[in-house]
Amino acid sequence: MATADELMCRSSIVCNPDVVAIGIEVEYSLVDDALNPVAEHVRDGCIEACNGGDSRGEFASPELGAHQFEIMTDPFDVRVDGVPRLLEQWYEREARPAAWLAERGAHMLRLGADPLTPLASVARSSKVKYQLCPDFHNAHKRVGHPRYIGGANGDPPIDVSDAALLSLTNAVQVTVDCHGLGHAIATLNRSLALAPLVTALGAN
């Protein structure tokens, strides 16, 4: 299955210095009517329904959590198409899995951090990299690093030592095409300047 970076590289508009190409990836948690995580086979069926036989190419892929997936857009030249066209495609692609899931009593949640799923019910995707990578991080923790948070006011502390708990978070990622090291540094500096504002707006 193609990644967003691979899709970006395949595009004819990338690597053209007269083009400023951007694309986005958005991660989702999939839940049932009771807001419990869906089973992995439901998530995988949704991905297959998104990608199967689509002349526009694949646009959905699994994430770390067995109930997570992401949608990616094509790269767009913002000088020509503008951000509205990119967002239009995102909304179009978001509507397809949302409709498929609704027929099965499930829903897509765009939550930066999922406060609803009990830690004990977090399940990883069966994809090999999502088994190996968390296991590696679990086995190579910094010695003496605390594994619990909370515990104030008599509440029991929460064990957050399993790297798979990252599947309770969902990200929005923007991929920006750069034409050389100087352009990449300038773009990164702009993103660092904007990130606090975007975070503050998103938090509200």
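Presented here is a report on the structure given in the accompanying data block. As the structure is a prediction and not an experimental result, all values here were calculated from the model.

Criteria and cut-off values
- Residues numbered from 1 in each chain as written.
- Predicted model: local features only at pLDDT ≥ 70, side-chain atom pairs only at ≥ 80, totals over all residues.
- Heavy atoms only, no water.
- Buried < 20%, exposed > 50% of the residue type's maximum accessible area, 1.4 Å probe, protein only.
- Helix = DSSP H or I, 4+ residues; strand = E, 2+ residues; numbered from the N terminus.
- Pairing = 2+ DSSP bridges.
- 1 Å grid on protein atoms, 1.4 Å probe; cavity = no way out; pocket = protein on both sides within 12 Å on 5 of 7 lines; lining within 4 Å.
- Points joined across faces, edges and corners; volume = space filled by probe spheres on them.
- Nonpolar A, V, L, I, M, F, W, Y, C, P; charged D, E, K, R; others polar.

**A look at the pairing of strand E3 (residues 68-72)**
- Of all five residues in E3, five are buried; the element is thus mostly enclosed.
- In E3, alternate side chains face the same way, and those of Gln68, Glu70 and Met72 on one face and Phe69 and Ile71 on the other are all buried.
- For strand E1 (residues 21-32) and E3, the ladder comprises five bridges, and the chain directions are antiparallel. Counterpart to Tyr28 in the pairing with E3 is Phe69.
- Relative to E3, strand E2 (residues 60-62) runs antiparallel, the two being bridged by three bridges. In the sheet register, Ala60 faces E3, and the bridge partner there is Ile71.
- Hairpin geometry of E2 and E3 is characterised by an intervening segment of five residues between the two adjacent antiparallel strands.

**Re the layout of surface pockets**
- Here the largest pocket defines a volume of roughly 740 Å³.
- In terms of lining residues, the largest pocket is bounded by 16 residues, among which Val174, Ser191, Leu194, Ala195 and Val198 are the most central.
- No other element matches the 11 residues that helix H5 (residues 181-203) contributes to the lining of the largest pocket.
- The residue makeup of the lining of the largest pocket, split by class, is 10 nonpolar, five polar and one charged.
- Roughly 430 Å³ of volume is contained in the second largest pocket.
- Every residue lining the second largest pocket is counted, 24 residues in all, and those nearest its centre are His137, Ser161, Asp162, Ala163 and Leu166.
- For the lining of the second largest pocket, the secondary structure elements donating two or more residues are helix H4 (128-139) and strand E6 (148-149).

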